[in-house]
There are 4 protein chains.
Amino acid sequence: MGIVSGDWVESRIRVRYGETDQMGHAYYANYLFWFEVARGDWCRAHGFTYTSLEEKGLFLPVVEAWVRYKGEIRYDQEITIRVRVAEFKRASIKFEYEVTRDGTNGVLTQGYTWHVLMNRDRKATSIPDWLQAHMTTTAERDSADGA
Amino acid sequence: MGIVSGDWVESRIRVRYGETDQMGHAYYANYLFWFEVARGDWCRAHGFTYTSLEEKGLFLPVVEAWVRYKGEIRYDQEITIRVRVAEFKRASIKFEYEVTRDGTNGVLTQGYTWHVLMNRDRKATSIPDWLQAHMTTTAERDSADGA
Amino acid sequence: MGIVSGDWVESRIRVRYGETDQMGHAYYANYLFWFEVARGDWCRAHGFTYTSLEEKGLFLPVVEAWVRYKGEIRYDQEITIRVRVAEFKRASIKFEYEVTRDGTNGVLTQGYTWHVLMNRDRKATSIPDWLQAHMTTTAERDSADGA
Amino acid sequence: MGIVSGDWVESRIRVRYGETDQMGHAYYANYLFWFEVARGDWCRAHGFTYTSLEEKGLFLPVVEAWVRYKGEIRYDQEITIRVRVAEFKRASIKFEYEVTRDGTNGVLTQGYTWHVLMNRDRKATSIPDWLQAHMTTTAERDSADGA
């Protein structure tokens, strides 16, 4: 339990035409879809899938989301979404996100999401040890490098 | 079983900003969301809800969809989606759709969807009599007018 | 410039099937679409449309969004989204939102969005007097009641 | 002008959680987003981008879409979308699509879309020679292999 600085896991996404709006850039709700893709990749980088979590009867619904849109993101651009665990409590986890793009300086978008771990009865449940271990250790693909 | 000309049921929808794309009109996939809204209203007009169908263990997944985009639809425009049952078989139903807009002539969009009635085991199942009756009779809100 | 307590404007939305996810309730990104619908209705209640703003070369992109998901929202449920201006600065506006549902107590979802007023050159621009006036006065449909 | 059998270009997509619905599989409208991703990749495989087309003042709005959903597609599954040009006329192009998944037999989804080439005035315009050439030749990544 506490503040952690888990490793960043990176996802690459190309912006879809249907994700733009008439202002000519990506519509603000679509970033939350991208954050979800990044969380899925974070799980995979740590040796499990979100699907396997649900198969065990565990769910991670979002209870809070925050996004700061600093730079525009447009159709067909390839962006990188970095995600890491920033904090966790007995039954909840905070992920944080940074969106960048090759050829641009700085972070285009920042965000975080808080999740509660729920069981099949939709009750909050303690984060199991194995999942807690994943949050405080380095992702597998990094450890493969000897990190 | 056969070709029917069920009554049209109308839904009103206002186009969302997030439904537009950078070309400045509604993105083509979003029409299928609107068709779904129309189907939900069709159920309600016939005295039941799609939710009640699922609670009985019956599902109506789409197995085929077709859309003909004839006129542009833009942000904040109020459109009318008309839906009716056009045909049905032992375990499948075809809905057809027309999208119009006040102040414009003709139909802006046409479409149809074919659905198979499935049970909890994801097997096709015969359309029950009560549902079949709904497809061949007039919607309740019309009959309330003495139609 | 300052903290305001603008009047609440209400929108009614029925949750679409395509807005749910396999967890069985509305996917977290879709709330941001609903907030946008509410902002459009807020404009209309104040005697203008967001489209008319864009026609004047003014845009209100979102620069920050926050959502607190407290209760589940499910398919076909009719929800009410209340929106009001909470604060504004020279070139930016904060809207806040509350989502409720008939038959349930309390607020199911809270949120806010910060917007910057931009001109055609994508530069921040001062909120014109007429728009500022709208933010501090009561919505038209209320004033029609003599409020 | 005529029926062509252009080469297939393949895209890989992983299904997002937000693309599922409460029935537990991908919502039917989302396939049209995937087809669009495949079209973007088709352009890239032929040495241009759809963005470059729009920069030339040419647009390819969809005027007709058809999808046949034969097998379920679920969260986190990696699917392959194959796209090719099937037919073209003076100012219109038909793409066809097949969705498959590793470890399953056969095509899970089939579809086509018809597009009209439009200029900035939203008038249909003849397909330029260079674009027509792309439709009848093999994609670059194949020709790089000496095909």
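Rules of the game
Residues numbered from 1 in each chain as written. Chains lettered and ligands numbered in written order. Predicted model: local features only at pLDDT ≥ 70, side-chain atom pairs only at ≥ 80, totals over all residues. Heavy atoms only, no water. Helix = DSSP H or I, 4+ residues; strand = E, 2+ residues; numbered from the N terminus. Buried < 20%, exposed > 50% of the residue type's maximum accessible area, 1.4 Å probe, protein only. Areas by Shrake-Rupley, 256 points an atom, 1.4 Å probe, with all protein chains shown as cover. Core = buried A, V, L, I, M, F, W, Y, C linked by side-chain atoms within 4.5 Å. Contact = heavy atoms within 4.5 Å. Buried area = accessible area lost by both parts, 1.4 Å probe. Salt bridge = Lys/Arg side-chain N within 4 Å of Asp/Glu carboxyl O. Polar contact = N/O pair within 3.5 Å; in protein donor to acceptor, adjacent residues only side chain to side chain. Pairing = 2+ DSSP bridges.

Novice: When you look at the overall build of chain A in this model, what are you seeing that I'm missing?
Specialist: Scanning chain A from N- to C-terminus turns up four helices and six strands. From first element to last, N terminus to C terminus, chain A shows the α and β order β-β-α-α-β-β-β-β-α-α. Taking all 147 residues of chain A together, 59% fall into the buried category. About 6000 Å² of surface is accessible on chain A, with carbon and sulfur atoms providing 45% of the total.

Novice: Sorry if this is basic, but what is going on with the nonpolar core here?
Specialist: Nonpolar side chains in soluble globular proteins tend to be buried together. Residues A:Trp34 and C:Trp34 are the most contacted members of the largest nonpolar core, which totals 101 residues. The contact partners of A:Trp34, leaving out residues within four places of it in the chain, are A:Ile13, A:Val15, A:Glu19, A:Ala26, A:Ile73, A:Ile79, A:Ile81 and D:Arg16. In terms of nonpolar packing, the next biggest core, distinct from the first, is built from 92 residues, D:Ala29, D:Tyr31, D:Phe33 and D:Val85 among them.

Novice: Quick question: what am I supposed to make of the interface of chain C and chain A here?
Specialist: As a measure of interface size, the accessible area lost when the parts come together is often cited. In this assembly, 30 residues from chain C lie in contact with 30 residues from chain A. Summed over the three residues of chain C that lose the most area to chain A, namely C:Met23, C:Tyr28 and C:Arg122, the buried surface amounts to 27% of that side. Counting the contacts that link chain C with chain A gives two salt bridges. When the shortest N-O distance is used, the salt bridge between A:Arg122 and C:Glu72 registers 2.8 Å. Linking chain C with chain A are 22 residue pairs in polar contact (both at pLDDT 80 or more), by the criterion used here. Mapped by element, the contributors of at least two residues to the side of chain C that touches chain A are helix H1 (30-45), helix H2 (50-55), strand S3 (62-69) and strand S6 (109-116) of chain C. Broken down by element, the residue count for the side of chain C that touches chain A peaks at eight residues, all from S3(C). As judged from the five bridges shared by strand S3 (residues 62-69) of chain A and S3(C), these two strands associate in the antiparallel manner. Bridging across to S3(C), A:Ala65 finds its partner in C:Val67.

Novice: When you look at the interface of chain B and chain C in this model, what are you seeing that I'm missing?
Specialist: Taken together, the contact between chain B and chain C spans 18 residues of the former and 18 residues of the latter. Surface buried jointly by chain B and chain C totals about 1600 Å² across both partners, of which 43% is contributed by carbon and sulfur atoms. One can count four salt bridges joining chain B with chain C. In this structure, C:Asp76 and B:Arg44 form a salt bridge, with 2.8 Å as the shortest nitrogen-oxygen distance.

Novice: Please explain unusual backbone geometry as it appears in this structure.
Specialist: Among all residues save glycine, negative phi is the norm, and among peptide bonds the norm is trans. Although it is not a glycine, A:Arg122 adopts a positive phi angle of roughly 60 degrees. Within the secondary structure layout, A:Arg122 lies in the loop between strand S6 (109-116) and helix H3 (129-136). Looking at A:Arg122, the relative accessible area reads 34%, which means it is partly exposed. Its identity as a non-glycine residue notwithstanding, D:Asp76 has a phi of 75 degrees, on the positive side. As for its position among the elements, D:Asp76 is in the loop between strand S3 (62-69) and strand S4 (78-88).

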